[in-house]
Structure formats: C-alpha cells, structure tokens
Amino acid sequence: MSDFVRDMRNHKIVPDVVPVPPESLLHVTYPGGLRVNLGNILTPTEVKHVPEVAWPEAEPDAYYALVLTDPDAPSRTAPKFREWHHWLVVNIPGMDLAKGDTLSDYIGAAPPRKTGLHRYVFLLYRQNERIYYKESRLSNRSTQGRGKFSTHKFSEKYELGLPVAGNFFQAQFDDYVPKLYRQLGHFQNAF
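Because the structure is predicted, anything quoted here is derived from the model rather than measured.

Novice: Teacher, can you tell me more about the nonpolar core here?
Specialist: If you look at soluble globular proteins, the nonpolar side chains tend to sit buried side by side. Core analysis: the largest hydrophobic core is formed by 26 residues, its most contacted members being Leu26, Tyr30, Leu66, Trp87, Phe122 and Phe169. When residues of this core are traced back to their parent elements, those giving at least two are strand S2 (27-30), strand S6 (63-70), strand S7 (84-93), strand S9 (118-127) and strand S10 (165-171). Once residues within four sequence positions are removed from consideration, Phe169 is found in contact with Tyr30, Val36, Gly39, Asn40, Leu42, Val47, Ala109, His118, Arg119, Tyr120 and Phe122. Counting 23 residues, the second-largest nonpolar core is a separate cluster that includes Val17, Ala65, Ile131 and Phe168.

Novice: Even after reading the chapter, I still don't get the sheet that holds strand S5 (residues 52-54), so can you show me in this structure?
Specialist: Pairing between the strands of a sheet is mediated by backbone hydrogen bonds and can be parallel or antiparallel. Reading across the sheet, the three strands line up as S3-S2-S5 and stay open at both edges, with antiparallel pairing between neighbours. Since the sheet does not close on itself, it has two edges, and those belong to strand S3 (34-35) and S5, each with one partner. Relative to S5, S2 is paired through three bridges, and the arrangement is antiparallel. In the strand pairing of S5, Thr29 is matched with Glu52.

Novice: What should I look at first to understand the environment of Gly39 in this one?
Specialist: With respect to the element layout, Gly39 can be found in the loop between S3 and strand S4 (40-41). Overall, Gly39 belongs to the buried group, its relative accessible area being 11%. Note: C-alpha distance between Gly39 and Tyr120 (81 residues apart in sequence) is 8.4 Å.

Novice: Explain the packing of aromatic side chains here, please?
Specialist: Each aromatic ring pair is specified by the distance between its two centres and by the angle formed by the two planes. Summed over the entire model, instances satisfying the criterion amount to ten aromatic pairs. Ring geometry for Trp55 versus Tyr64: centroids 5.7 Å apart, planes at 75°, classification edge-to-face. With respect to burial, Trp55 and Tyr64 carry one shared label: buried. Members of the aromatic cluster, connected to one another through ring pairs, are Tyr30, Trp87, Tyr106, Tyr120, Phe122 and Phe169.

Reading guide: rules and limits
- Residues numbered from 1 in each chain as written.
- Predicted model: local features only at pLDDT ≥ 70, side-chain atom pairs only at ≥ 80, totals over all residues.
- Heavy atoms only, no water.
- Core = buried A, V, L, I, M, F, W, Y, C linked by side-chain atoms within 4.5 Å.
- Buried < 20%, exposed > 50% of the residue type's maximum accessible area, 1.4 Å probe, protein only.
- Helix = DSSP H or I, 4+ residues; strand = E, 2+ residues; numbered from the N terminus.
- Contact = heavy atoms within 4.5 Å.
- Pairing = 2+ DSSP bridges.
- Phe/Tyr/Trp six-rings, centres within 6.5 Å; stacked < 30°, edge-to-face > 60°.

The structure is reproduced here in structure tokens:
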C-alpha cells in the first residue's frame, strides 16, 4: 500500500468522502509555494486564494472534474453538514482549470472557532466525455447549496467512477475566517 493510500485511510477520507482512495497524488500549490501534502496543516490565511492544481498523468484530450470538500462541517466530531464543498470545476480539458466550467466558486478553508482541525480534500475524476451538469452555479459570496454535499453521490450521478487523483490538508480557525464569513453573508448562522 502506498503512503498516499495509507494516509487517505488513516485520516478517514475513506470512507467519510469516498469508498476507495485514488491511487495517484494530485499536486496542489497555494501562492507562496505552499504545497498540500497528505494532511499537512495549513492556515485559512494561507489557503484563501485559488491554488494551482496539476496532475502529471492528465490526458490532454480528456475532461476532468475537480472537487474540494470539507467532510468536517461544522466539526469532525459532529459533522451534521457533511460535506461542505468549497470548489467544484468540471469539464476541465487536460488540466487547464481556466478552461473548465466552474459550478462552485473557490472558497478557502473556514473552520468555525473551537472546532479543531478540518480535513480539506481535493479529488480529481476523469470524465468519459464533456458533460452537461444540471447543477446550480454557486458564487463565493454565499453559502447556499454548499452544505450536505456528497462527493460520492455527485460522482455516481454523473457516472464519474472513482477519483483518479487526490490530496488533502488540514486547517483550523484563524483570524482570516471572520473576514471570509463576512464575504459569505449569513455564514455564521449556518453553524
């Protein structure tokens, strides 16, 4: 078993998010060269901007779907909003995220105060073809439609199969979170 698969299981990404771990590591780098690395701890301040995402095995003529989700909303011990998705981009040609269709704008980590570490999980799926997704487009100015998301059910609905790559980090509350709450409007009331 690879370190990647072991870490996905040890951190309970399997079964909390997906039934089977992907076999390949997704490369995720935030501004300033901060890399996501199998559960390392990053702060909400460090992950407030959209990261660069790469997967060396990406086929240039294939389409991919990328999900970033938090299975620990509002906390790991009481995840009643599991999952809360932070980013959803589909129909990505090769790994050119800018040419994909964004269903949910990126929102960085926003763990509520005193809820401990949250897992933030990136999963990449290979689509069989370009897909028309019948989903609402979600802005980064609202929390509507983000809670109680299921990555696994989403992948089943659109016949995406199992993720081909993934990665994850952990974060807990810091001083940036209230700023993000204000951006999201009624976010404080969501928990």
